[in-house]
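# Commentary on secondary and tertiary structure
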Amino acid sequence: MKYLSLIIVCLLFSCATKEDVFLPKSNISLVKDVQDHSPIYIFFKTEGKDTIAEVNRKNSIISTNWIFNIDKRLPLKLVIPEIIKLQEKKRGEQAHKNEKAENYYSYADSVGKNMAFLPFTKVYYSMSKPATGDLVIVFKKGSNIVLVNNEEVKKEEVLEHIGRIAFFVKPKVYLLFDKNMSYQEYIETKIEFRKLDSYNDEIPKEFIF
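Keep in mind that this is a model prediction, so the values were computed, not measured.

Here we come to empty space enclosed by the protein. Going through the model one piece at a time under the given rule, you end up with one cavity of 30 Å³ or more. Residue lining of the largest cavity: V123, L175, K190, L196, D197, N200, P204, K205 and E206, and that is the complete set. Here the lining of the largest cavity is composed, by residue class, of four nonpolar, one polar and four charged.

Encoded structure:
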């Protein structure tokens, strides 16, 4: 029942605009409850042969938690530039700034049959590759092979592989994602490798290339 209001808002929004957002799915709920939130929608649209990401943030309030409802079919090259703009707007706000307000990606828990949320408030995105990094992990679109400091590792063995690396100090981890990867695959990957967040105590950085 706690998400009834959010679901109703989504349904009303969809009916009013005749548009739908197909949320990504996972079988894990990282965060199940977000209070005092505002919705932001990024729709999948087509114009001829071109795909575009259409943003609607009319109901967003700077001082609240923002929930990003993004269509799973969109590629990262269209999604992340819009995320960067919205992050910069919220971070740059002074008059109504709320230091406790967070940003979340929404997705559907296919097992629990509920909406779930992935926090990403502290993440800084860049549409480029990093010049250097202690631990650089590259995720390619639709591939079961991940590059860990240029070494090919099977996806299911990445965390174990990193655990065997002897670092003299805690490494700075840079995550790189293929710009053509779908938002669905991105969310799946972020949830699967959420343990990597523990390496970044200060400012997590992600690169879309």
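After presenting the structure, the write-up continues.
Time to look at the packing of aromatic side chains. The full count for this structure, using the stated rule, is 13 aromatic pairs. Every member of this aromatic cluster is reached through a ring pair, and the members are W66, F68, Y105, F120, F139, F177, Y183, Y186 and F193. We note R73 situated over the ring of F44; from NZ or CZ to the ring centre the distance is 4.3 Å. Its guanidinium or amino end placed over the ring of Y124, R91 lies 3.7 Å from that ring's centre, counting from NZ or CZ.

Turning our eyes to something else, we now look at unusual backbone geometry. Of note, D36 is a non-glycine position whose phi angle comes to about 50°, a positive value. Of note, D36 is situated in the loop between strand 1 (25-26) and strand 2 (37-47). The residue K113 is not glycine, and still its phi comes out positive at about 60°. Take K113: it is sitting in the loop between strand 5 (103-109) and strand 6 (114-119).

A contiguous patch of negative charge, built from E156, E157, E188 and E192, is present on the exposed surface. Tracing the chain through its elements places E157 in the loop between strand 10 (151-154) and helix 3 (158-163). When its relative accessible area of 38% is taken as the criterion, E157 is described as partly exposed.

Our focus in this paragraph is the pattern of salt bridges. By the definition in use, this model includes five salt bridges. Between E82 and K85 there is a salt bridge; the shortest N-O distance is 3.8 Å. Here E82 pairs with K85, and both are found in helix 2 (residues 76-92), just three residues apart, close to one helical turn. For K85, a relative accessible area of 51% corresponds to the exposed category.

The rules behind the values
Residues numbered from 1 in each chain as written. Predicted model: local features only at pLDDT ≥ 70, side-chain atom pairs only at ≥ 80, totals over all residues. Heavy atoms only, no water. 1 Å grid on protein atoms, 1.4 Å probe; cavity = no way out; pocket = protein on both sides within 12 Å on 5 of 7 lines; lining within 4 Å. Points joined across faces, edges and corners; volume = space filled by probe spheres on them. Nonpolar A, V, L, I, M, F, W, Y, C, P; charged D, E, K, R; others polar. Phe/Tyr/Trp six-rings, centres within 6.5 Å; stacked < 30°, edge-to-face > 60°. Lys NZ or Arg CZ within 6 Å of the ring centre and 35° of its normal. Helix = DSSP H or I, 4+ residues; strand = E, 2+ residues; numbered from the N terminus. Patch = residues over 30% accessible without salt bridge, like charges linked within 9 Å, V, L, I, M, F, W, Y side chains within 5 Å. Areas by Shrake-Rupley, 256 points an atom, 1.4 Å probe, with all protein chains shown as cover. Salt bridge = Lys/Arg side-chain N within 4 Å of Asp/Glu carboxyl O. Lys, Arg positive; Asp, Glu negative; His and termini not counted. Charge placed at Lys NZ, Arg CZ, Asp CG, Glu CD. Buried < 20%, exposed > 50% of the residue type's maximum accessible area, 1.4 Å probe, protein only.

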